[in-house]
Amino acid sequence: MRVMSTQTDVSVIREQAARDGEDIYEQRLRAVLEPDQRGRVVAIHIPSDEYFLGDSLLEASDRLRAKYPSASRGEVYARRIGERALMRARTPRVTGTPQ
């Protein structure tokens, strides 16, 4: 039996949670949430299929944690409703002119 490193274990858990959470979103929540909640954040408690909304990741996850304070990293999935990315990273535009 091969023993996985802790980092590999965490990666596997995160990937599985992302697949499970995205399945719940696509199958149960997309049609319900996208018409009126586009742009907000949904946090899904995977074992229960319950979801919590917020205007930010912090707000949605705080609502989830209020009901499920001991939810582990493999039990929670969050995404922005109607978009592929939860967060956007913005970098300064390089113009080529010295400042």
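Residues numbered from 1 in each chain as written. Predicted model: local features only at pLDDT ≥ 70, side-chain atom pairs only at ≥ 80, totals over all residues. Heavy atoms only, no water.

Asker: Whenever I open this one, the nonpolar core confuses me. Can you help?
Answerer: Here is a general trend for soluble globular proteins: nonpolar side chains tend to be buried in one another's company. One finds Ala17, Ile24, Tyr25, Leu29, Leu33, Val42, Ile44, Ile46, Leu53, Tyr77 and Ile81 forming the largest nonpolar core, which totals 11 residues. Taken together, the elements giving at least two residues each to this core come down to helix H1 (6-37) and strand E1 (41-45). Counting residues per element, this core draws most heavily on H1, at 5 residues. If sequence neighbours within four positions are ignored, leucine 29 has contacts with Ile24, Glu34, Val42, Ile44 and Tyr51. (Core = buried A, V, L, I, M, F, W, Y, C linked by side-chain atoms within 4.5 Å. Buried < 20%, exposed > 50% of the residue type's maximum accessible area, 1.4 Å probe, protein only. Helix = DSSP H or I, 4+ residues; strand = E, 2+ residues; numbered from the N terminus. Contact = heavy atoms within 4.5 Å.)

Asker: Looking at this model, I keep getting lost on the layout of surface pockets. Mind explaining?
Answerer: Regions of empty space are outlined by a rolling probe, equal in size to a water molecule, passed over the atoms. Looking at the largest pocket, its volume works out to about 290 Å³. For the largest pocket, the lining is made up of 13 residues, of which Ala17, Arg73, Val76, Tyr77 and Ala78 are closest to its centre. When contributions to the lining of the largest pocket are tallied by element, the ones reaching two or more residues are H1, helix H2 (57-67) and strand E3 (76-80). For the lining of the largest pocket, the leading source of residues is H2, giving 4 residues. The class makeup of the residues in the lining of the largest pocket is 8 nonpolar, 2 polar and 3 charged. (1 Å grid on protein atoms, 1.4 Å probe; cavity = no way out; pocket = protein on both sides within 12 Å on 5 of 7 lines; lining within 4 Å. Points joined across faces, edges and corners; volume = space filled by probe spheres on them. Nonpolar A, V, L, I, M, F, W, Y, C, P; charged D, E, K, R; others polar.)

Asker: For this particular structure, what's the right way to read the sheet that holds E3?
Answerer: One key point about sheets: their strands pair by backbone hydrogen bonds, in either a parallel or an antiparallel sense. Judged by pairing direction, the sheet is antiparallel, and its 3 strands sit side by side in the order E2-E1-E3 without closing on themselves. With partners counted over all chains shown, the strands left at the sheet margins are strand E2 (50-54) and E3, one partner each. In this sheet, neighbouring strand axes are inclined to one another by 20 degrees on average, regardless of whether the strands run parallel or antiparallel. Looking at chain direction, E1 and E2 are connected through 5 bridges and run antiparallel. In the strand pairing of E2, alanine 43 is matched with phenylalanine 52. Relative to the sheet, H2 contacts E1, E2 and E3, its axis offset from that of E2 by approximately 140 degrees. (Pairing = 2+ DSSP bridges. Axes fitted to C-alpha atoms, helices over the stretch in contact; angles between N-to-C directions.)

Asker: Hey, could you run me through the pattern of salt bridges in this one?
Answerer: A side chain of one charge can pair with a side chain of the opposite charge when the charged atoms of the two come close. Inspection of the entire model under this criterion finds 8 salt bridges. The closest approach of N and O atoms between glutamate 22 and arginine 79, which form a salt bridge, is 2.5 Å. Taken together, the positions of glutamate 22 in helix H1 and arginine 79 in strand E3 put the pair 57 residues apart, joining distant regions of the chain. The pair glutamate 22 / arginine 79 is uniform in exposure class, with both members buried. Two residues, glutamate 34 and arginine 38, come together in a salt bridge whose shortest N-O distance is 3.5 Å. Three or more residues joined by partner-sharing salt bridges are found here, namely Glu26, Arg30, Glu34 and Arg38. (Salt bridge = Lys/Arg side-chain N within 4 Å of Asp/Glu carboxyl O.)

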